[in-house]
Amino acid sequence: MDYDPRLHRRRSIRLKHHDYTAPGAYFITICTHQRQCLFGDIINGEMRLNEFGQIAADCWQEIPHHFHPVRLDNFVIMPNHVHGILVITDTPRRGMALPCPYPRQFGKPIAQSISTIVGSFKSAVTKRINMLRDTPGTPVWQRNYYDRIIRDDLSMQHIRRYIQNNPHAWRIDQLHPANRSPL
């Protein structure tokens, strides 16, 4: 069946009136397709990246080279997901929760926005992994991603600890394959 916008309605999970190009910190979680453990293993509380995991780590580290107002904060590549903090540091407007100044259309990229940055990352990782395993067109990621706007220093500290401790807590993580959560 072809796409029909009257029948197939994907709703955005982004905060409705937030400007995702505004300076601020964003906690991002991106899951692999069907939560496949593609990126390596947790051994003694430490993430051991395999070749695909190293591709994901390298692409994450390259984000500031492609999106200049972005700075990376803590991140971790887990067996089947990525957690990271992206900080947009420089745009003409200041403030963390400005109303969205442009007409947003679901599925339409907006330059320097969090969704464009995440989409670019996902695309680069998918292309490199599929080239390596000779499987063009095979999905690597779930269709969307999760974000949280970090609004204060206390939240930032809490999220940094969560990211840092994520490999140690893998067995109880809701994204662990044995813990089939509905996320």
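One numbering rule holds for all chains: residues counted from 1, following each sequence as written. Only residues with pLDDT of 70 or above have their local features reported here, since the model is predicted, and side-chain atom pairs are shown and tallied only from 80 upward, although totals for entire chains, interfaces and linings are computed over all residues. Hydrogen atoms and water are omitted, and side-chain values are computed over all heavy atoms in the structure.

A. Spotlight on the overall build of the protein. We count a stretch as a helix when DSSP gives it H or I for four or more residues in a row; a strand needs E for two or more, and each element gets its number in order from the N terminus. Secondary structure summary: the protein contains 3 helices and 6 strands in total. Element order for the protein, N to C, with α for helix and β for strand: β-β-β-α-β-β-α-β-α. Per-residue accessibility, obtained with a 1.4 Å probe over protein chains only, is compared with the maximum for each type, and a residue is labelled buried under 20%, exposed over 50%, and partly exposed between these values. Across the 183 residues of the protein, 43% fall into the buried class. Long-range contacts, defined here as pairs at least 24 residues apart, represent 72% of the contacts in the protein between residues at least 6 apart. Accessible areas in this description were obtained via Shrake-Rupley with a 1.4 Å probe; residue shielding takes into account the shown protein chains only. For the protein, the exposed surface amounts to about 10900 Å²; the carbon and sulfur share of it is 53%. Two residues form a contact once any of their heavy atoms are found within 4.5 Å.

B. The pairing of strand β3 (residues 46-49), seen in detail. A pair of strands is considered paired only if DSSP assigns at least 2 bridges between the two. Of the pairings in the sheet, the one linking strand β2 (residues 40-43) to β3 comprises 4 bridges and is antiparallel in character. Bridge pairing links I42 to M47 in β3. Between β2 and β3, which follow one another and run antiparallel, lie 2 residues, and N44 among them has a positive phi close to 50 degrees.

C. Layout of the layout of surface pockets. As defined here, a cavity is a set of points on a 1 Å grid over the protein atoms alone where a 1.4 Å probe fits but cannot get out. A pocket is an open set with protein on both sides within 12 Å along at least five of seven lines, and residues line them when an atom is within 4 Å of a point. Grid points are joined across faces, edges and corners, and a volume is the space filled by probe spheres set on the points. The volume enclosed by the second largest pocket comes to roughly 230 Å³. For the second largest pocket, the lining is made up of 13 residues, of which F27, T29, H83, R148 and Y162 are closest to its centre. Mapped by element, the contributors of at least two residues to the lining of the second largest pocket are β1 (24-31), β6 (146-150) and α3 (153-165). When the residues that make up the lining of the second largest pocket are grouped by side-chain class, the tally is 6 nonpolar, 4 polar and 3 charged. Only Asp, Glu, Lys and Arg are considered charged, only Ala, Val, Leu, Ile, Met, Phe, Trp, Tyr, Cys and Pro nonpolar, and every remaining residue, Gly among them, polar.

D. Structural context of helix α2 (residues 114-133). Over its 20 residues, α2 extends 28 Å from the first C-alpha to the last, a length consistent with the 28 Å expected when each residue adds 1.5 Å. Buried within α2 we find I114, T116, I117, V118, F121, K122, V125, T126, I129 and N130. Among the structural elements, β1, α1 (51-66), β4 (70-77) and β5 (81-88) are those in contact with the buried residues of α2. Positive backbone phi, at 55 degrees, marks D134, one or two positions downstream of α2. Take the residue count of a helix, subtract one, and multiply by 1.5 Å to get its expected span.

E. Local environment of the packing of aromatic side chains. A pair of Phe, Tyr and Trp rings is counted when the ring centres sit within 6.5 Å of each other, with Trp represented by its six-membered ring. The angle between the planes then sorts it: under 30 degrees is stacked, over 60 is edge-to-face, the rest tilted. According to the stated counting rule, one finds 6 aromatic pairs in the structure shown. Here F27 and Y162 contribute two aromatic rings whose centre-to-centre distance is 6.2 Å and whose plane-to-plane angle is 80 degrees, an arrangement assigned as edge-to-face. Within this pair, whereas F27 is found in strand β1, its partner Y162 is found in helix α3, the two being separated by 135 residues in sequence. On the accessibility criterion, Y162 (35% relative accessible area) is partly exposed.

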